[in-house]
Each structure stands twice: as C-alpha cells, then as structure tokens.
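# Tertiary structure, described
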Amino acid sequence: MEVKRASVLGFCFGVRRAVEYAEKALEDYSGKKVYSLGPLIHNEIVLQNLKNKGLEILSEDELEKVEAKSVVIIRAHGVSPDVTKALEDKDCVIINATCPRVNANQITVQKASSKGKTIILTGDSNHGEVKGVAGYAQGKFILLENEADALSLPEDDGEAILLSQTTFSPVQFEKISQIVGQKYKNLKINNTICPATKERQDSLIDLCSRVDGVLVIGGKNSANTIRLFQTAQKNCPHAAHIQSAEEIPADFFAFERVGITAGASTPDVIIEQVEKALTK
Ligand code: F3S
C-alpha cells in the first residue's frame, strides 16, 4: 500500500507553540500549580499527556479556583483583558501563548475602539477567541454569527471596522462583508481569517483525487478536523475520521493508495502512528 500525506496537515503554528509553551512551563515550574484556562488544544491524547505531567485545566469561568502565585498558561485563543487583570491580581506567572494572529486582532480592536470606531466581529459567540477579542472593545461592539445577524443591522454613518474570528468560514465572511458594506458607509473590512484552515482544506482536495480513501486524523470535538472530514466525504469515495491508529477501519487496509490528513490540533506522533499502522 502507498500512503500519501496531504501537503499541509496537522498542528498549525499557534497550537504547536501553545503546546511547546505548556511543556516548557511544566518543566520550569515543576512542583508549582500549572493551569490552563480552557483546554489548550482540541485533542484528548495531547491533553491527557499534559495532564499526566501536572497540567490542571480550568474553564475561564473558574478563575476563582486559580491559586494565588500559581502559573497560568493562556491558550492560543487568548483571553480578555479582564481575565489577565484577575490573574495579575492573584500574582500569577502568566505564560501567554495567545496566537500572534489572535493577538493582532485584539490590538486592532483595542486601537480602533479607542478612536471611537464601531467594532464588528464575525464569529461564534461561544468561542473563547471571540470572548477574548470582544473584551478589548471599549465602545460599540457588534458580534455577527451569520448572515441573518448582518441583515438585521440598521444603517449607520459612523466609522466601523469589520474583522473575523481567525477560524471563521471564508465563504460566510465574504457574504457578511457584502451585507455590512451596504449598511455602513464608513466601513473598513479586515479579513482576519487564518490561512491555516484553507491551506489544509486545499491540500486535502488535491489529495482526494490521488487516493482510494482518506483518513482524517483528529479529535472528535475539533471543529477544523470535522470540516476536513466533511470535505473528504465530498471529494473521495471513502473517508473516515479517526482519533488514533487503533480506529483505522478494516477496509482501508485493502486499498492501494490511502491519503492522510490531520486537523490543526493533531500532534505529529499520532500522524506517524497511523502511517506506520497502514504500512506494517
Ligand atoms: Fe493561530 Fe491560525 Fe492556528 S490563528 S492558533 S495559526 S489556526
């Protein structure tokens, strides 16, 4: 059997960096409490490994459980300034693993809203990144989750800036920008969608045409992995979403060419294990 990898797969830059920061913090501060606010990564295997090394995962609503003078890792999604302030008040060591792309959005929002501009963000209201970025808005802030939200906006002459959660759908963003552009006369559109998702999608589509089946490796609750799986289902006669080598469906071992891709939170070691299991 021939195993072909998608040309871009697995960890994105921001997630890789967050996991590296966590591993280093667990070593540097061994003996101290080390927390992350929210799961650092949407991958159970990596999370369990970090938990085994001592990482305690709390949600952002559990700030009161953070012990004073402990170590807290801010994940790639970032947090709002209120959260940072609460941690500083507790004298915590803050390891900031906010992805630079998310941080750029936080800075844009802070600067634009300090000049009195309206901030319009496309994204999912429950997403940690959106809550964090929203926290940087000092004045008028509007969250648009879909086109219907955009259509319900009243017309406005004021200055506004439209930007996006880094993992938002590019197609949706395009549609929403057009609607908002008709309502706001002084609108600056900043497409801040991270190319990591598109790169993985594009290379998967290319891969699908060259193999008999595609294995999409990643957490069952990882949104970008689920989207990759949906693309694989559309573009390849056989597709399966697996979390580890043990879950490879039996029929894949009979194929001549198997393609592999992986979500942005899937570690290299799991990709290698799947590859090995197919070829042994
Ligand atoms: Fe950052 Fe893009 Fe990953 S915004 S966390 S590199 S998906």
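By convention here, each chain's residues receive numbers from 1 onward along its written sequence. The predicted nature of this model means local features are confined to residues of pLDDT at least 70 and side-chain atom pairs, given and counted, to a pLDDT of 80 or more, with totals for whole chains, interfaces and linings taken over all residues. Only hydrogens and water are removed before side-chain values are computed, so all heavy atoms of the structure are retained for them.

### Brief notes about the overall build of the chain
Helix and strand assignments come from DSSP, with helices taken as H or I runs of at least 4 residues and strands as E runs of at least 2, each series counted from the N terminus. The helix and strand inventory of the chain stands at 10 helices and 12 strands. Put simply, the radius of gyration uses C-alpha atoms, and a globule should come to 2.2 Å times the residue count raised to 0.38. Whereas a compact globule of 280 residues would reach a radius of gyration of roughly 19 Å, the chain reaches 21 Å, a difference of no more than 12%. Overall size of the chain, expressed as C-alpha extent along the three principal axes, is 60 × 55 × 20 Å. A simple rule labels every residue: compare its accessible area, found with a 1.4 Å probe on the protein chains alone, to the largest value its type can have, and call it buried under 20%, exposed over 50%, or partly exposed in between. Across the 280 residues of the chain, 50% fall into the buried class.

### Considering the site of the ligand
Any residue with at least one heavy atom within 4 Å of a molecule or strand is counted as near it. Close to the ligand lie C12, G14, A76, C99, R101, T166, C194 and A196, which account for all nearby residues. Computed over the protein atoms alone on a 1 Å grid, cavities are sets of points where a 1.4 Å probe fits but cannot get out and pockets are open sets with protein on both sides within 12 Å along at least five of seven lines; a residue lines them when it has an atom within 4 Å of a point. Whether a molecule sits in a cavity or pocket is decided by its atoms, more than half of which must lie within 2 Å of the grid points. Of the pockets mapped on this structure, the ligand occupies the largest pocket. Residues are grouped as follows: Ala, Val, Leu, Ile, Met, Phe, Trp, Tyr, Cys and Pro are nonpolar; Asp, Glu, Lys and Arg are charged; all remaining types, including Gly, are polar. Broken down by class, the residue content of the shell around the ligand amounts to five nonpolar, two polar and one charged.

### A closer look at the packing of helix α8 (residues 195–208) against helix α9 (residues 223–235)
Every axis in this analysis is a line fitted to C-alpha atoms, fitted for helices over the stretch in contact. Angles between the N-to-C directions lie between 0 and 180 degrees. Axis separation between α8 and α9 bottoms out at 10 Å; the angle between their running directions is 25 degrees. Compared by their axis directions, α8 and α9 come out roughly parallel. As α8 packs across α9, the resulting crossing turns out to be right-handed. Taking contact as the criterion, the partners of T197, R200, Q201, L204, I205 and C208 in α8 are, on α9, R227, L228, T231, A232 and N235. The residue makeup of the contact of α8 with α9, split by class, is five nonpolar, four polar and two charged. For classification purposes, angles smaller than 35 degrees are called roughly parallel, those larger than 145 roughly antiparallel, those between 65 and 115 roughly perpendicular, and all remaining angles oblique. Should the near helix be turned anticlockwise from the far one by less than a right angle, the crossing is left-handed, and should it be turned clockwise, the crossing is right-handed. Residue contacts follow a heavy-atom distance rule, with two residues in contact if any of their heavy atoms lie within 4.5 Å.

### Digging into the sheet that holds strand β9 (residues 184–189)
Here, a strand pair is defined by DSSP locating no fewer than two bridges between the strands. Read from one edge to the other, the open sheet built from four strands follows the order β7-β6-β8-β9, with strand pairing classed as parallel. Of all strands in the sheet, those with a lone pairing partner are β7 (141–144) and β9, marking the two edges. With direction set aside, neighbouring strand axes in the sheet form an average angle of 25 degrees. Sheet analysis places strand β6 (residues 118–122) next to strand β8 (residues 156–164), joined by five bridges and oriented parallel.

### A short note on unusual backbone geometry
Positive phi outside glycine occurs at K69, with the angle close to 65 degrees. On the secondary structure map, K69 appears in the loop between β3 (55–58) and β4 (71–74).

### Thoughts on α8
Between its terminal C-alpha atoms α8 stretches 20 Å, which fits the 20 Å expected from 14 residues at 1.5 Å a residue. Within the span of α8, buried status applies to A196, R200, Q201, S203, L204, L207 and C208. For α8, the secondary structure elements touched by its buried residues are β1 (2–5), β10 (213–217), α9 and β12 (257–262). A helix's residues, less one, multiplied by 1.5 Å, set its expected span.

### Observations regarding the domain arrangement of the chain
All the domain ranges listed were derived from an automatic or database domain assignment. Here the domain parsing of the chain yields domain 1 (2–10 + 195–279), domain 2 (13–99) and domain 3 (101–189). For domain 2 versus domain 3, the separation of C-alpha centres amounts to 27 Å. Domain 2 puts nine residues into the contact, and the matching count from domain 3 is 11 residues. Buried surface at the junction of domain 2 and domain 3, both sides included, amounts to about 750 Å², of which 58% is carbon and sulfur. The term buried area denotes the loss of accessible surface (1.4 Å probe radius) that occurs when two parts are joined, taken as the sum for both partners. Broken down residue by residue, the surface that domain 2 buries against domain 3 is led by H77, P81 and C99, which jointly contribute 56%. Any Lys or Arg side-chain nitrogen located within 4 Å of an Asp or Glu carboxyl oxygen qualifies as a salt bridge. At the junction of domain 2 and domain 3, the tally comes to zero salt bridges. Here a polar contact is recorded for every N or O atom pair within 3.5 Å, except that within protein the pair must consist of a potential hydrogen donor and a potential acceptor, and residues adjacent in sequence are included only if both atoms are side-chain atoms. Scanning the region where domain 2 abuts domain 3 turns up three residue pairs in polar contact (both at pLDDT 80 or more).

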